[in-house]
Amino acid sequence: PGWNPNPQEGIGGRNMKNWRLGHLAAALLLAAFSECAMMAEESPETAVTIHADRPGAVINKNVYGQFSEHLGSGIYGGIFVGEDSPIPNTRGFRNDVIAALKELKVPMVRWPGGCFADEYHWRDGIGPRDKRPIRINTNWGGVSENNAFGTHEFFDFVDMIGADAYVNANVGTGSPQEAARWLEYMTGEQDTTLVRERRANGRDKPWKVSIYAMGNETWGCGGNMRPEYYADLYNQYAAFMKTQPGAMPELLASGDHDDQTAFTTALMTHVRSRMDAISLHYYTILGPRWENKDTATGFTEAGWINTLANTLKMDGFIKKQDALLSDFEKARSGMQSRKMGLYVDEWGTWYKPEPGSNPGFLVQQNTLRDAVVAAANFNIFHKYADRVRMTAIAQTVNVLQAMILTDGPKMIRTPTYHVFHMYRPFQNAASLPLEIRTGEYRYDQWSVPQVSASAAKAVDGSIVIGLANLDPRRTASVSAAIEGARISQITGEILTAEEMDAHNTFENPNALHPEVFTGAKMDGPRLEVTLPAKSVVVLKLQ
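Residues numbered from 1 in each chain as written. Predicted model: local features only at pLDDT ≥ 70, side-chain atom pairs only at ≥ 80, totals over all residues. Heavy atoms only, no water.

K.L.:
Can you help me understand the nonpolar core in this one?
P.N.:
The tendency in soluble globular proteins is for nonpolar side chains to be buried as a group. Among the nonpolar cores identified, the biggest contains 135 residues, and Phe 157, Tyr 212, Met 214, Tyr 234 and Ile 318 are the most heavily contacted of them. Per-element accounting of this core gives the leading share, nine residues, to helix α10 (residues 368-383). (Core = buried A, V, L, I, M, F, W, Y, C linked by side-chain atoms within 4.5 Å. Buried < 20%, exposed > 50% of the residue type's maximum accessible area, 1.4 Å probe, protein only. Helix = DSSP H or I, 4+ residues; strand = E, 2+ residues; numbered from the N terminus.)

Pasting the structure below:
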């Protein structure tokens, strides 16, 4: 400013003065910009209020459910290797995987699919294994399916890890009769031909089926159905699902995905049979087209924030479904005492498959970014605890956002596994109302709240708080008022790393793992927490 570059006027006199003033102004302006930039790197304080004296809906343990489909090495090689395998096993199940899942306190497992469920006929998976038919898995890689892992193996698996069973019936290529007979085979105890067959196959007592789903993604791989057609089909299927008293599972309808509401609307309008819950599916990708997927590792900060911005859309999708279901429930006042369940039984990150792998096997590495995604979603699910009473991340082993990766006899726990482990105290805890005011983390055209949080009163009476700092560069200062409780002791765990794509490998299986967190203290009546960049923290307050 003030500098005239015209050489005809020379550089003396007034022009020299203006040139000097211009440089002084530019220097001051540069200093101001530098100060603003430094201030921008300093995180604004996040203010939180937790109402410990106002416990709300219980966070159902099944919010921490798993999904294991016949896909890639998710079952074969990942969970089940057979009795003759050199990999240490019990009745064919990997000892290392069973121990890791048992430690995780997995509450529920969904099986056999997914898209696989609507081509799966349960009779293929019972009886002597050497006599079970071999089919082609047309959905996932076009490989042979020998049905070595069937109904008996699945219930053996969930029993070994202490989980409940969620079974997906075949609506796409099945029939109401097939689904009804499978339910009788699993839960019957009267002297019928099917019960005798189950006993002959090695299981005397009936199993408990907690959730029985009528189809999967009927808008897509489950049959490309219209919502109204599926609602009629659901009525037909559900009408024939019968058990002896006390053995009836929850019946789950195949619902919408992403921000869609057509299936929920049709089901709530037309279903007259028993329906305990409706599913919702949402996968975190870069978008906006399904083909736009990031790499699991080696991504940029744009890939970090884009993924987090998209995963936070889960809140809006659930809120939209919740409002729609509430409208229907109000219109039917007095007809239903319990809210219709909204079960998010497929969620998680979906990246490009690992180079060199079968694209149909959906193999991807799992990094700190996935851990933050998991924590952010848990905090959302807790917010809707009265509606979202079950979710199932996709998937348990070796597929998509897995808990565990295996390679022959080797096994590693992923960052997502560690976050599930850290959040265990939230299972069956009473959600606590939480108000949060936090700054924004911005990069390029995206912006997200810097801090995600939720709180609950655990079964043991302690207060648990889940925190995630979504910003990969800045520390977050959190100041929380805990209303209605006096805190005498604080313990915590943290998961963080230097690199955004930090992950565990078979060569270094413990590169990323939770550590003791000491960045929280009480300052009078307030809890003060310093959250490192790109971190997940779970605190336990007593």
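K.L.:
I keep staring at the environment of Ala 485 and nothing clicks. Help me out?
P.N.:
For Ala 485, the position within the fold is in the loop between β22 (476-483) and β23 (490-495). The sequence separation of Ala 485 and Ile 463 amounts to 22 residues, and the corresponding C-alpha distance is 9.0 Å. The residues touching Ala 485, leaving out its near neighbours within four places in the chain, are Ala 52 and Ile 463. (Contact = heavy atoms within 4.5 Å.)

K.L.:
I tried to follow the packing of aromatic side chains on my own but got confused; where do I start?
P.N.:
Here the distance between the centres and the angle between the planes together describe a pair of aromatic rings. If you walk through the whole model with that rule in mind, you get 28 aromatic pairs. Measuring from centroid to centroid gives 6.0 Å for Phe 80 and Phe 149, while their planes differ by 75°, and the two rings are edge-to-face. With Phe 80 in the loop between β2 (65-67) and β3 (89-90) and Phe 149 in the loop between β7 (143-145) and α3 (151-161), this residue pair connects regions lying 69 residues apart in the sequence. Owing to a relative accessible area of 5%, Phe 80 belongs among the buried residues under this scheme. Note on Tyr 423 and Phe 426: the rings are 5.1 Å apart at their centroids and 25° apart in plane angle, and the pair reads as stacked. Assessed through its relative accessible area of 0%, Tyr 423 is described here as buried. (Phe/Tyr/Trp six-rings, centres within 6.5 Å; stacked < 30°, edge-to-face > 60°.)

K.L.:
What is the right way to read the side chain of His 51 from this model?
P.N.:
Here His 51 lies in strand β1 (residues 46-51). Discounting residues that sit within four places of it in the chain, His 51 has contacts with Leu 432, Pro 433, Glu 435 and Glu 483.

K.L.:
What exactly am I supposed to notice about the packing of helix α4 (residues 176-187) against helix α5 (residues 193-200) here?
P.N.:
To describe two helices that pack against each other, one gives the angle between their axes and the distance between the axes. Here α4 crosses α5 at 55°, and the two axes come no closer than 8 Å. Regarding the angle of α4 to α5, the classification is oblique. Judged by the sense of rotation from one axis to the other, the crossing of α4 with α5 is right-handed. Contacts between α4 and α5 involve Arg 181, Glu 184, Tyr 185, Met 186 and Thr 187 on the former and, on the latter, Leu 194, Val 195, Glu 197 and Arg 198. Of the residues contributing to the contact of α4 with α5, the split by class is four nonpolar, one polar and four charged. (Axes fitted to C-alpha atoms, helices over the stretch in contact; angles between N-to-C directions. Parallel < 35°, antiparallel > 145°, perpendicular 65-115°, else oblique. Left-handed = near helix turned anticlockwise from the far one by under 90°. Nonpolar A, V, L, I, M, F, W, Y, C, P; charged D, E, K, R; others polar.)

K.L.:
Help me understand helix α2 (residues 95-104), please; the structure alone is not making it clear to me.
P.N.:
Along an α-helix, residues three or four apart share an orientation, since each turn contains 3.6 residues. All of the buried residues in α2 are Val 97, Ile 98, Ala 100, Leu 101 and Leu 104. Considered in projection along α2, the buried side chains sweep an arc of 165° and stay on one side of the axis. Of the surrounding secondary structure, the elements contacted by the buried residues of α2 are β2, β4 (93-94), α3, β14 (404-407), β15 (410-413) and α11 (415-422). Positioned one or two residues after α2, Lys 105 has a phi angle of 55°, which is positive. (Arc of directions from axis to C-beta.)

K.L.:
I'm lost on the sheet that holds strand β27 (residues 535-541) in this one. Help?
P.N.:
Strand pairing in a sheet is mediated by backbone hydrogen bonds. Such pairs are either parallel or antiparallel. Taking strand neighbours across the sheet as the criterion, the six strands line up as β16-β20-β21-β27-β23-β24 in an open arrangement whose pairing is antiparallel. Unpaired on one side and paired on the other, β16 (430-431) and β24 (515-516) mark the two borders of the sheet. With six bridges connecting them, β23 and β27 associate as antiparallel partners. Directly across from Thr 491, in β27, lies its bridge partner Lys 540. (Pairing = 2+ DSSP bridges.)

K.L.:
Even after reading the chapter, I still don't get unusual backbone geometry, so can you show me in this structure?
P.N.:
Across residues other than glycine, the phi torsion is negative in most instances, and most of the peptide bonds are trans. Of note, the bond from Trp 111 into Pro 112 is cis; its omega dihedral lies within 30 degrees of zero at 5°. Tracing the chain through its elements places Pro 112 in the loop between β5 (108-111) and β6 (135-137). Cis geometry marks the peptide bond from Ala 394 to Gln 395; its omega dihedral reads -10°. Positive phi outside glycine occurs at Leu 400, with the angle close to 50°. Tracing the chain through its elements places Leu 400 in the loop between β13 (391-394) and β14.

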